[in-house]
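Observations on chain architecture
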Amino acid sequence: MKQYETVIGLEVHIELATKTKIFCGCSTEFGGEPNTHTCPVCAGMPGALPVLNRQVVEFALKAGIAANCQINQLCRFDRKNYFYPDNPQNYQISQLYLPVCHDGWIEIETSAGKKKIRIHEMHMEEDAGKLIHDEWEDCSLVDYNRSGVPLIEIVSEPDMRSAEEVISYLDKLRCMMQYLGVSDCKLQEGSMRADVNLSVCEAGSGVWGTRTEMKNLNSFKAITRAIEAERERQIELLEMGKPVIQETRRWDDNKESSRAMRSKEDARDYRYFPDPDLPPVHISDEWIQRIRNTQPELREEKQQRYQDELGLSDYDARVLTESAHLAALFEKTAELSQNPKKTAAWFMGEVLRLIKEYGTEPEKVCFSPKHLARLICMVEEKKVSPANAKKVFEHIFDEDTDPEAFVREHGLGIVQDADLLQRVLQKVLAENPGPLSELLGGKEKVFGFFVGQMMRELKGTASPEAVREALMEEIKKNRR
Amino acid sequence: MAKIIDDETMENVCLLAKLSLEGEEREAARAEMQKMLTYVEKLDQLDTEGTEPLSHIFGSENVFREDEIVNGNQKDAMLFHAPRTKDGQYHVPKTIG
Amino acid sequence: MELSQMTALELSRNIRERKISVSDGVESVFAQIRKKEKKIHAYLDLFEEDAYKRAEQVQKGIAQGIYTGPLAGVPIAVKDNICIKGKKTTCASRILENFIPTYQAEVIDRLEQAGMILIGKTNMDEFAMGSTTETSAFGVTTNPWNTAHVPGGSSGGSCAAVAAGEAYMALGSDTGGSIRQPSAFCGVTGIKPTYGTVSRYGLVAYASSLDQIGPVGKNTEDCAALLQVIAGHDQKDSTSLRRELPKFGLTSGEDLKGMKFGVPEEYMAEGMEEGVRNTFLASLKLLEELGADVEFFSMKTTEYVIPAYYIIASAEASSNLERFDGVKYGFRAAEYKGLHDMYRKTRTQGFGKEVKRRIMLGSFVLSSGYYDAYYLKALKAKAIIKKEFDQAFEKYDVILAPVAPHTAPKLGESLKDPLAMYLGDIYTVAVNLCALPAISLPGGLDGRGLPVGFQMIGPCFGENTLIRAASAFENARGTFPSAEKGGIKI
Ligand SMILES: [Mg+2]
Ligand SMILES: [Zn+2]
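Let us look at the structure shown here. The shown structure was predicted, so the numbers you read here are calculated from the model rather than taken from an experiment. (Residues numbered from 1 in each chain as written. Chains lettered and ligands numbered in written order. Predicted model: local features only at pLDDT ≥ 70, side-chain atom pairs only at ≥ 80, totals over all residues. Heavy atoms only, no water.)

Examining the overall build of chain B
Within chain B one finds three helices and two strands. When the helices and strands of chain B are listed from N to C terminus, the series reads α-α-α-β-β. The C-alpha radius of gyration computed for chain B amounts to 23 Å, which surpasses the reference 13 Å derived for 97 residues by more than 25%, pointing to a less compact arrangement than a globule. If one aligns the C-alpha atoms of chain B with their principal axes, the spans along those axes are about 55 × 45 × 25 Å. Residues counted as buried form 47% of the 97 residues belonging to chain B. Within chain B, residue pairs in contact and separated by at least 24 positions form 35% of the contacts whose partners lie at least 6 positions apart. Surface exposure of chain B reaches about 5,200 Å², of which carbon and sulfur atoms provide 47%. (Helix = DSSP H or I, 4+ residues; strand = E, 2+ residues; numbered from the N terminus. Rg over C-alpha atoms; globule rule 2.2 N^0.38 Å. Buried < 20%, exposed > 50% of the residue type's maximum accessible area, 1.4 Å probe, protein only. Contact = heavy atoms within 4.5 Å. Areas by Shrake-Rupley, 256 points an atom, 1.4 Å probe, with all protein chains shown as cover.)

Okay, structure coming up:
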């Protein structure tokens, strides 16, 4: 069999984290009752007109600048005309002729090393409504709550060669958008969607094959599987001497196969033309400069800074910056505790452990940094033992509990009371005459036994150091 | 020479416009369209070399709205117009399958 | 003076001076409607009961000092492509036969704030596509001057209503002459404002870059007062301009000394009816007598105006009318097999011939392989046409033009040859392409006793220059006869 190379380009749709839709003042909140977030504009009523949400442009610029794009300082909206009930106007307001950003790149990292993936363009557009198929009645039902939710569509050049590169690219985009605060990029909720353009060609031939477009990919796993399957399907066709047809295919993740979507009525002639209802958008040098100046620190810079300034390891810095949300939580906590290293250890240890244990997402972690910071300080100040601190943290993680109050109420604090320590010491010594004589006889191993006994008696509220110190003092006294 | 509006073109235009014209009406529409296109080709005589297409006469200033929710639940008012609804949604013939 | 012969400003003045009541004005309108509407058919819907109720409200409002404007208490008719909350808005189309919007146009809010009384929705060409009001799905409107003739279009119902005394004033919309041409045919006055001056929110779009709502009235002053009411920025319409509005009305004197008027000589070419030409030339002469400097000049782009206009208008229309698909509102075909068949049957049965024709032309000129040759070429032509107008306005304050090459044609004559009908728009469409303001006012009558109008076209934002010039002309011309007095008795 011949050697084939897979050539992949992506069209990624990202829902922007605005409060309202792109052209009307309806909420973008996810999951409302059908058609409760609609108005004459986003339901395509006659006479209604679109007015552009400023924040959409702002977000698009942030994304474009982060992805090293050129900005079209005069950009415009075009209508993409096609009849389908998910689109109430039967045209989508998008950008074709003058998209907001173009010619950028981002760098990905795979097992093979680093690679630049070029971005052809980024444009603003409106999302469509949701269509569900009614099983009972053989009809479809339309909900326009998503209609008009702002999107940016990021079109890459066909620079990817494997599923691994694709996943790395998507992960990079997701991370970047989250850091920018532009989108939460959740594949399951559809706030990040990828269409895969794929073709195969004989390795080294330089002759590109016909590409297909794959839609309905709802997870990284589905994307990987769809890429493998489509690559195989195309190679099989070529091996049999059959042509690959340029078409859009719909991936069915249950069947792990795809099928052509096109029908006779889907004439793919979108008749794009400038939308006369929307004047062009002018993007001034000042606007671009302001965005550049206020662009947040992205992952790579943060990772580097954690190493340089906070003295964290390469590995810790990488893990802590994976989620923008967690990194922000970490930084706030470190700042409040004034102890970045200890804070990092808590995040690498307990925070990640609990995330994993609960099977939750880093984005959903929501305790107050001041509570963890306080807890870290309490351990340092020997007000709570490390073992008890872990228990306290579980409550902070779950319910954002105030550690100070919790320790007080549950008697978990370390005893500073010398009398109590003495009383417990005397009690333990009196109850264990045998081991005591062994200890006094010089058998050092028994020392640990007494420490353990005392800790149990004190329910962990004493610091091991204080117990050890008191015991040592007692032995000295007895030997004298 | 004017573009000839043949049957295939007519069919394609009807497909794009979601219209189905039959028989006489279709023939009349074809003839009218032919006449119109032949007429508008007068534009070919106008030298537009170096002229930028003008889509918007005004538009030197940005027009934005702020990102603030101003609409409440208008579901009933929206669905009130629909020829057919079901479970608070617009009812359409099956779209997939 | 007979009530129905008053201008809107006179009516309101009498109301505010408590000489007559608001209901008297409403009654005079409905009396006239009872007398004439059967033959004229200017209206698609009448709000008689609401109008009397509203009249009482406004009467109180005037007493309380809420409504103090110059049009308070004046009954007004509204073209049926402008949404009024709770009232059918059909665009004279089957496809919207039972559409009742739950929102309304910005202009309607403004009429209400001015204390005006909505009396009904007027007939029009379906979706404003036509020049005769004969493409309406709900019957033709006739010309009050001679009911064997069309009122013009597409705002034929609005202009006929004003001409017949069935309304003191009306709102129309103008995409390629749809206010000015029926105004001329009906012997009334109409203004197409600078694009962006009046909000399009709630106006069902025909061609978004060309559409503009404007006033129709008995004379220039009435129109200026109504323009004042409806003009102004609206944040719901992105193409609405933040222009500083003047007080629309007479700014100074009544002569026209020092004003320069230009007449494109291409407009005088063959094809113009004798009566139109004579009245036009007589109007020019009168303007000269008022001290104006009138001069012929060449507008070389004239012959490209109609091709560019029809390409752009039909392209936008094809897209604007995609939303009428039987899913969200309006008509849906009774029987169909599947989604796309539902679309096709609904649209084929729901739209009239002329609308389908323009949708198809528009779909074609935007389709793959033809976009550059037709649509893009038209946008370039538009740029060149605009430039020529800009240059003309460096020399002239106002451009004078006929409104149409002929007076109102007989019913049933125009639709036989659509291209010929489109060619009749030669003097009006450039104004829309270039976003310019223009006023259409009656200049005289032709040999058959049908009104002949002419246009004054101004540079962008030049409404007041037009209003001043038109008022001066009116004063010199004298009150134009009403259809009732001057037309064929009906
Ligand atoms: Mg897209
Ligand atoms: Zn909305």
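Some remarks on the overall build of chain A
From N to C terminus, chain A includes 15 helices and 16 strands. Dimensions along the principal axes, computed over C-alpha positions, put chain A at roughly 100 × 60 × 55 Å. Residues counted as buried form 55% of the 480 residues belonging to chain A. The contacts of chain A with a sequence gap of at least 6 include a subset with a gap of at least 24, amounting to 69%. Between the centroid of the 64 positive side chains of chain A and the centroid of its 80 negative side chains there is a distance of 4 Å. (Lys, Arg positive; Asp, Glu negative; His and termini not counted. Charge placed at Lys NZ, Arg CZ, Asp CG, Glu CD.)

A few points about the coordination of the zinc ion (ligand 2)
Residues and elements named next belong to chain A. The zinc ion (ligand 2) binds to the protein through Cys24 (SG), Cys26 (SG), Cys39 (SG) and Cys42 (SG), with metal-donor distances spanning 2.3 to 2.4 Å. If you look at the zinc ion (ligand 2), its four donor atoms make angles of 100 to 115° with each other, and the shape they trace is tetrahedral. In primary-sequence terms, the residues that donate to the zinc ion (ligand 2) follow C-x1-C-x12-C-x2-C. Here Cys24 is found in the loop between β1 (4-15) and α1 (54-66), whereas its partner Cys42 is found in the loop between β1 and α1, with 18 residues between them in sequence. (Donors = N, O, S within 2.8 Å, 3.2 Å for Na, K, Ca; no water. Tetrahedral: all angles 85-135°; square planar, octahedral: opposite > 155°, others 65-115°.)

Some remarks on the interface of chain B and chain A
Contacts between chain B and chain A engage 38 residues on the former and 55 residues on the latter. It is B:Phe64, B:Arg65 and B:Asp67 that lose the most area in chain B upon contact with chain A, and together they represent 18% of the buried surface on that side. Taken together, chain B and chain A are joined by six salt bridges. A salt bridge links A:Arg54 to B:Glu66; the shortest N-O distance between them is 2.7 Å. Remark: the boundary between chain B and chain A carries 29 residue pairs in polar contact (both at pLDDT 80 or more). Counting residues per element, the ones that place at least two in the side of chain B that touches chain A are α1 (7-17), α3 (75-79) and β2 (89-93) of chain B. Per-element tally for the side of chain B that touches chain A: the top contributor is β2(B), with five residues. Its residues assigned to classes, the side of chain B that touches chain A shows 13 nonpolar, 14 polar and 11 charged. Bridging between strand β9 (residues 139-143) of chain A and β2(B) involves four bridges; their strand directions are antiparallel. For A:Ser140, the partnering residue across the bridge sits in β2(B) and is B:Val92. (Buried area = accessible area lost by both parts, 1.4 Å probe. Salt bridge = Lys/Arg side-chain N within 4 Å of Asp/Glu carboxyl O. Polar contact = N/O pair within 3.5 Å; in protein donor to acceptor, adjacent residues only side chain to side chain. Nonpolar A, V, L, I, M, F, W, Y, C, P; charged D, E, K, R; others polar. Pairing = 2+ DSSP bridges.)

Comments concerning the nonpolar core
Ranked by internal contacts, the top residues of the largest apolar core, which has 305 residues, are A:Tyr169, C:Leu111, C:Phe127, C:Phe261, C:Leu400 and C:Met456. Per-element accounting of this core gives the leading share, 12 residues, to helix α12 (residues 371-395) of chain C. In this structure C:Phe127 touches C:Cys91, C:Ser93, C:Ile95, C:Leu96, C:Val204, C:Tyr206, C:Leu321, C:Phe324, C:Phe351 and C:Val355, once residues within four positions along its chain are discounted. (Core = buried A, V, L, I, M, F, W, Y, C linked by side-chain atoms within 4.5 Å.)

A few points about the environment of A:Arg318
Residue and element names in this part refer to chain A. By the element assignment, Arg318 lies in helix α6 (residues 314-320). Along the primary structure Arg318 and Gln307 are separated by 11 residues, whereas in three dimensions their C-alpha atoms are 9.5 Å apart. Contacts of Arg318, omitting those with residues within four sequence positions, involve Glu109, Arg299 and Gln303.

Observations regarding the interface of chain C and chain B
Taken residue by residue, the interface counts 63 residues in chain C and 52 residues in chain B. Carbon and sulfur atoms supply 73% of the area buried between chain C and chain B, which totals about 5,100 Å² over both sides. The interface formed by chain C and chain B holds four salt bridges in total. In this structure, the salt-bridge partner of C:Asp417 is B:Lys35, at a minimum N-O distance of 3.0 Å.

Thoughts on the coordination of the magnesium ion (ligand 1)
Residue and element names in this part refer to chain A. With distances of 2.0 to 2.6 Å, the protein atoms coordinating the magnesium ion (ligand 1) are Glu125 (OE), Glu125 (OE) and Glu153 (OE). Linking Glu125 in strand β7 (residues 113-126) with Glu153 in strand β10 (residues 150-156), this pair joins segments that are 28 residues apart in sequence. For the pair Glu125 and Glu153, one class covers both residues: buried.

Looking at the packing of aromatic side chains
By the definition in use, this model includes 35 aromatic pairs over all chains. Look at A:Tyr144 and B:Tyr90: their rings are 5.1 Å apart centre to centre, the planes differ by 50°, and that puts the pair in the tilted class. One end of the pair, A:Tyr144, is in the loop between β9 and β10; the other, B:Tyr90, is in strand β2, on a second chain. The residues A:Tyr144 and B:Tyr90 share a single accessibility class, namely buried. (Phe/Tyr/Trp six-rings, centres within 6.5 Å; stacked < 30°, edge-to-face > 60°.)

A few points about the pairing of strand β7 (residues 260-264) of chain C
All names here are of chain C. Judged by how many residues are buried, β7 sits mostly within the fold: four of five residues are covered. Inspection of the sheet shows β7 paired to strand β8 (residues 293-297) by five bridges, in the parallel sense. Pairing of Gly262 across the sheet is with Glu295, part of β8. Once the chain exits β7 it traverses helix α8 (residues 274-289) before rejoining the sheet at β8, and the crossover so formed is right-handed. Sheet analysis places β7 next to strand β9 (residues 398-402), joined by two bridges and oriented parallel. Its bridge partner lying in β9, Phe261 is registered against Val398. (Right-handed = clockwise from strand over helix to strand, strands pointing away.)

Structural notes on the pattern of salt bridges
In the structure shown here, the tally under the stated rule is 74 salt bridges over all chains. C:Lys19 is the partner of C:Glu17 in a salt bridge, and the nearest nitrogen-oxygen pair spans 2.8 Å. Exposure remark for C:Glu17: the relative accessible area of 44% places this residue in the partly exposed category. Two residues, C:Glu27 and C:Arg34, come together in a salt bridge whose shortest N-O distance is 2.7 Å. Each of A:Arg79, A:Asp275, A:Asp277, C:Arg200 and C:Asp237 takes part in a single network of salt bridges with overlapping partners.

Describing the sheet that holds strand β10 (residues 438-445) of chain C
Residue and element names in this part refer to chain C. Across the sheet, 11 strands lie side by side as β1-β3-β2-β4-β6-β5-β10-β11-β9-β7-β8; this open sheet has mixed pairing. The open sheet terminates on both sides in strands that have one partner only, identified here as β1 (43-46) and β8. Within this sheet the neighbouring strands show an average axis-to-axis angle of 30°, counted without direction. Of the strand pairs in this sheet, β10 and strand β11 (residues 451-457) are connected by seven bridges, and their pairing is antiparallel. Considered in β11, the bridge of Gly444 is made with Val452. (Axes fitted to C-alpha atoms, helices over the stretch in contact; angles between N-to-C directions.)

Topic: the sheet that holds strand β13 (residues 248-252) of chain A
All names here are of chain A. Across the sheet, nine strands lie side by side as β2-β6-β7-β10-β1-β11-β12-β13-β14; this open sheet has mixed pairing. Edge positions in the sheet fall to β2 (70-71) and β14 (257-260), since each has one partner strand and no second. Examined bridge by bridge, β13 and β14 share four bridges and lie antiparallel to one another. Its bridge partner being in β14, Arg249 is matched across the sheet by Ala260. The strands that helix α3 (residues 220-239) touches are β1, β11 (192-202), β12 (212-215), β13 and β14; relative to β11, the one it contacts most, it runs at about 25°.

Concerning the environment of C:Gln5
Residue and element names in this part refer to chain C. Its place among the elements puts Gln5 in the segment before α1 (8-16). Look at Gln5 and you get partly exposed, because its relative accessible area is 24%. Taking the C-alpha atoms as reference, Gln5 lies 20 Å from Glu48; in sequence the two are 43 residues apart. In this view, Gln5 contacts Lys218, Ser482, Glu484 and Lys485; residues no more than four positions away in its chain are not counted.

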